[in-house]
Amino acid sequence: MPLAFKSISHGTIAFGFFNIDSDMLLLDRYFFFATEFCSHLIEIAEKNPQGPFETSWEVYNISDPEDIGDLMGAIHGIHYTGFIGEVYRRFPFPERPEDFKQTPEGARTRDELVEIIKKFARSFEITFIIGEETEEVSIGPYRFTRTGFQELIKYVWQGGYPRWKDEIRPDYVVAMKDKIGLSSCRIFSGLELLSA
């Protein structure tokens, strides 16, 4: 489930997994895969920038909220609209509450998610920027403090809410943690990713 996170630029915004059978994340109106999110962070950790840094990320943008859909309606199986509605038609919410866990095999549904989202969104590149003096991080127009950005990283590490199934993380998430742990890049300063 996406949770509310504080941004500098847009106030409180939603970020997170929105379906347990997929590794796709949403950031307000942007959609991208957790595999790519982690790959970008691995790249930054390896380049280890000590000052300003800029790169590009590919995302899907759904500009019309109606095209995003009704997450709670889809979860409850009563309102399948927009992109999220189509995802839940294909990958419904589990019948048993105890099965509500983020699957570490979510990347296997990527082709199907891409097929669905292309009906509602366009793919384009946004700029990811690490500021120098301000310790701000920008993902496109969304600006975060360093600690605010670290909350997004912690969310992915934990598997969001409801956490990873059986506390088993995908390899790409473990690789992200390992690379961040070796980096002295300032955006990772003070970030502690626990093993549980």
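The structure reproduced in this document is the subject of the present report.

The rules behind these values
Residues numbered from 1 in each chain as written. Predicted model: local features only at pLDDT ≥ 70, side-chain atom pairs only at ≥ 80, totals over all residues. Heavy atoms only, no water. Axes fitted to C-alpha atoms, helices over the stretch in contact; angles between N-to-C directions. Helix = DSSP H or I, 4+ residues; strand = E, 2+ residues; numbered from the N terminus. Parallel < 35°, antiparallel > 145°, perpendicular 65-115°, else oblique. Left-handed = near helix turned anticlockwise from the far one by under 90°. Contact = heavy atoms within 4.5 Å. Nonpolar A, V, L, I, M, F, W, Y, C, P; charged D, E, K, R; others polar. Buried < 20%, exposed > 50% of the residue type's maximum accessible area, 1.4 Å probe, protein only. Core = buried A, V, L, I, M, F, W, Y, C linked by side-chain atoms within 4.5 Å. Phe/Tyr/Trp six-rings, centres within 6.5 Å; stacked < 30°, edge-to-face > 60°. Lys NZ or Arg CZ within 6 Å of the ring centre and 35° of its normal.

## A closer look at the packing of helix H6 (residues 146–158) against helix H7 (residues 171–182)
Next up, step 1: Running from N to C, H6 and H7 point in directions that differ by 135 degrees, and their axes come no closer than 9 Å. The angle between H6 and H7 falls in the class oblique. Remark: the crossing between H6 and H7 carries left-handed chirality. Residues Ile-153, Val-156 and Trp-157 of H6 touch H7, and the partners they reach there are Val-173, Val-174, Met-176, Lys-177 and Ile-180.
Next up, step 2: For the contact of H6 with H7, the residue count by class is seven nonpolar, no polar and one charged.

## Points about the packing of helix H1 (residues 34–47) against H6
Next up, step 1: H6 packs onto H1 with a crossing angle of 125 degrees between their chain directions and a minimal axis gap of 11 Å. One element, H1, and the other, H6, form an angle in the oblique class. The hand of the H1/H6 crossing is left-handed. Between H1 and H6, the residues in contact are Phe-37, Cys-38 and Leu-41 and Phe-149, Leu-152, Ile-153 and Val-156, respectively.
Next up, step 2: Of the residues in the contact of H1 with H6, the class split is seven nonpolar, no polar and no charged.

## A few points about the side chain of Asn-61
Next up, step 1: When you line up the elements, Asn-61 lands in strand E5 (residues 53–61).
Next up, step 2: A relative accessible area of 18% places Asn-61 in the buried class.
Next up, step 3: Excluding its chain neighbours within four sequence positions, the residues that come into contact with Asn-61 are Arg-29, Tyr-30, Ala-121, Arg-122 and Phe-124.

## Things to note about the nonpolar core
Next up, step 1: Of all hydrophobic cores here, the largest spans 42 residues; its most connected members are Phe-37, Phe-149, Ile-153, Met-176 and Phe-188.
Next up, step 2: Per element, the largest residue contribution to this core is seven residues, and it comes from H1.
Next up, step 3: Listed in part, the 24 residues of the second largest apolar core include Leu-26, Ile-75, Tyr-88 and Leu-113.

## Remarks on the packing of aromatic side chains
Next up, step 1: On inspection of all chains with the given rule, the structure shows 19 aromatic pairs.
Next up, step 2: Arranged with centres 4.9 Å apart and planes meeting at 40 degrees, the rings of Phe-93 and Phe-100 form a pair that is tilted.
Next up, step 3: With 5.7 Å between their ring centres and 55 degrees between their planes, Phe-128 and Phe-149 make a pair best called tilted. Taken together, the positions of Phe-128 in strand E6 (residues 122–130) and Phe-149 in helix H6 put the pair 21 residues apart, joining distant regions of the chain.
Next up, step 4: With relative accessibility at 1%, the residue Phe-128 sits in the buried group.
Next up, step 5: Grouped by ring-pair contacts, the aromatic residues Phe-5, Phe-15, Phe-17, Phe-32, Phe-37, Trp-57, Phe-128, Phe-149, Tyr-155 and Trp-164 constitute a single cluster.
Next up, step 6: For Arg-169, the ring lying beneath its charged end belongs to Trp-157, and the centroid distance is 3.9 Å.

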